[in-house]
Amino acid sequence: MHALANPARFLRIAKPATGWSLAIGLVLALAGIVGGLTLTPPDYLQGETVRILYVHVPAAWLGMAGWAGIAAAAVSQIVWRHPLAVVAGRAIAPCGATFTGICLVTGSIWGRPTWGTWWEWDGRLTSMLILFFLYLGYIALAAAEKERGGEGRIAAIFGLVGAINLPIIHYSVLWWRTLHQGQSISLSGSTIAPSILWPLPLTFFGFTLLFAAAVLMRMRGELARARVEARLRRSAAE
Amino acid sequence: MNPWPFVIAAYAVALLATAALLLASFESMRRAEADAESLRERK
């Protein structure tokens, strides 16, 4: 982490990494989507709607991973004053919000034919909706702090406090056994049939790389804008 | 109930939102880096 503390060194790595993440992410995601839509059999219970899992699960993972990234950036900022931490937090937030939104909408579309309802105030659905609102709050707070010329400490503290929601999302299906099914995939294995499961790692890593590419592009944009502002300030002072 | 409209709608939402995020991120980066570059060349 500290090796990347220098923005110039970070940019040397980020520039090629952006293109590679984008290209490999597109290939993996498209392969998983084509496989999931055309090559896997329908589920014996859910039928064809099980195919929504190939976009819904990666979106849920990225929504949660995004906030974990914001919390990690917040710790780096508060404890080590890492110069890229603020930039990383600001770059991750819209990406995490987008994938949390995708998770909520695709989950709702899945719910209608599977559960007979678009929405239910179930533990998992509600905690995921709270995560989406936390993202909106973080984006607004970070933008307001930036406008005032602040260091982004309030947004960082908000990012840390919001991380309390992550274990709540994870354990919600165990604590409140309502509508959302329990965990199907864990470190010890999966309860999903291999004939249905195989496209999921492709979309999982594909969308994760696309998420990484979007974060890198946003970080590069933020750093370029900071260079412009610094140069303009120097010119005004001369 | 025909499940395919739901499957298509879910994929459309996921793909369009991901494409929009990537395009917006790319455009924001491209514009910012072009501004920084033009300012550097002007010096």
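Note that the coordinates shown come from a computational prediction; the quantities given were computed from them, not determined experimentally.

*Asks:* I'd like a description of the overall build of chain A, backed by residues and values.
*Replies:* On a plain count of helices and strands, chain A comes out with 8 helices and 2 strands. Along chain A, from the amino end to the carboxyl end, the secondary structure elements read α-α-α-α-α-α-β-β-α-α. Dimensions of chain A, computed from the C-alpha atoms along their principal axes, are close to 70 × 35 × 30 Å. Considering only intrachain contacts with a sequence separation of at least 6, the fraction spanning at least 24 residues in chain A is 79%.

*Asks:* Tell me about the overall build of chain B, and please be specific about residues and values.
*Replies:* A tally of helices and strands in chain B yields 1 helix and 0 strands. In terms of overall dimensions, chain B has C-alpha extents of about 65 × 5 × 5 Å along its principal axes. Burial statistics for chain B: of 43 residues in total, 30% are counted as buried.

*Asks:* Requested: an account of the interface of chain B and chain A, with residues and values cited.
*Replies:* Taken together, the contacts link 23 residues of chain B with 30 residues of chain A. A class-by-class count of the residues in the side of chain B that touches chain A yields 18 nonpolar, 3 polar and 2 charged.

*Asks:* So what's going on with the environment of A:Thr40? Residues and values would help.
*Replies:* Residues and elements named next belong to chain A. When you line up the elements, Thr40 lands in the loop between α1 (7-39) and α2 (53-80). Residues Thr40 and Ser195, spaced 155 residues apart in sequence, show a C-alpha to C-alpha distance of 6.3 Å. If sequence neighbours within four positions are ignored, Thr40 has contacts with Gly35, Ser195, Ile196 and Pro199.

*Asks:* I'd like a description of the packing of α2(A) against helix α8 (residues 199-237) of chain A, backed by residues and values.
*Replies:* Residues and elements named next belong to chain A. Contact pair α2 / α8: the axes reach a minimum separation of 9 Å and the direction vectors enclose 45 degrees. Accordingly, the angle class assigned to the pair α2 and α8 is oblique. Handedness of the crossing formed by α2 with α8: right-handed. Residue-level contacts link Leu53, Tyr54, Val55, Val57, Pro58, Trp61 and Leu62 of α2 to Pro199, Leu200, Thr203, Phe204, Phe207, Thr208 and Phe211 of α8. For the contact of α2 with α8, the per-class residue count stands at 12 nonpolar, 2 polar and no charged.

*Asks:* Describe the environment of A:Asp43, naming the residues involved and giving the relevant values.
*Replies:* Residues and elements named next belong to chain A. Note on placement: Asp43 falls in the loop between α1 and α2. Once the C-alpha coordinates of Asp43 and Ile196 are considered, the two residues, 153 residues apart in sequence, prove to be 7.6 Å apart. What Asp43 contacts, discounting residues up to four positions off in sequence, is Val50 and Ile196.

*Asks:* Lay out α2(A) with the relevant residues and their values.
*Replies:* Residue and element names in this part refer to chain A. The end-to-end C-alpha distance of α2 is 39 Å, a good match for the 40 Å that 28 residues give at a rise of 1.5 Å each. Most of α2 sits out of view: 20 of its 28 residues are buried. Taken from the residues just after α2, Arg81 is the one with a positive phi, measuring 50 degrees.

*Asks:* How would you sum up the nonpolar core? Please name residues and give values.
*Replies:* In terms of nonpolar packing, the biggest core is built from 72 residues, with A:Leu210, A:Phe211, A:Ala213, A:Ala214, A:Val215 and B:Ala10 touching the most fellow members. Where this core is concerned, the elements lending two or more residues are α1, α2, α3 (85-115), α4 (123-147), α5 (153-162) and α8 of chain A together with α1 (4-42) of chain B.

*Asks:* Explain the confidence of the model for chain B to me, using residue names and the numbers behind them.
*Replies:* Considering every residue of chain B, the mean pLDDT works out to 93; 98% of them sit at 70 or more. Two numbers describe this predicted complex: its pTM, 0.93, and its ipTM, 0.94.

*Asks:* I'd like a rundown of unusual backbone geometry, residues and numbers included.
*Replies:* In the Ramachandran plot, A:Arg81 falls in the positive-phi region, its phi being about 50 degrees despite a non-glycine side chain. A count of 11 C-beta atoms within 10 Å places A:Arg81 in the exposed class.

*Asks:* Can you explain the packing of α4(A) against helix α6 (residues 165-175) of chain A? Please cite residues and give values.
*Replies:* To characterise two packed helices, one gives the angle between the axes of the helices and the distance between these axes. Residues and elements named next belong to chain A. Between α4 and α6, whose axes approach to 8 Å, the crossing angle comes to 165 degrees. What the angle tells us is that α4 and α6 run roughly antiparallel. Here α4 and α6 pass one another in a crossing that is left-handed. In this structure, α4 uses Gly123, Arg124, Ser127, Met128, Ile130, Leu131 and Leu134 to contact α6, whose residues at the interface are Asn165, Ile168, Ile169, Ser172, Val173 and Trp175. Its residues assigned to classes, the contact of α4 with α6 shows 8 nonpolar, 4 polar and 1 charged.

Calculation criteria
- Residues numbered from 1 in each chain as written.
- Chains lettered and ligands numbered in written order.
- Predicted model: local features only at pLDDT ≥ 70, side-chain atom pairs only at ≥ 80, totals over all residues.
- Helix = DSSP H or I, 4+ residues; strand = E, 2+ residues; numbered from the N terminus.
- Contact = placed C-beta atoms within 7 Å.
- Buried ≥ 20, exposed ≤ 12 C-beta atoms within 10 Å, placed from the backbone.
- Nonpolar A, V, L, I, M, F, W, Y, C, P; charged D, E, K, R; others polar.
- Axes fitted to C-alpha atoms, helices over the stretch in contact; angles between N-to-C directions.
- Parallel < 35°, antiparallel > 145°, perpendicular 65-115°, else oblique.
- Left-handed = near helix turned anticlockwise from the far one by under 90°.
- Expected span 1.5 Å × (residues − 1).
- Core = buried A, V, L, I, M, F, W, Y, C linked by C-beta atoms within 7 Å.
- pLDDT = per-residue confidence, 0-100.

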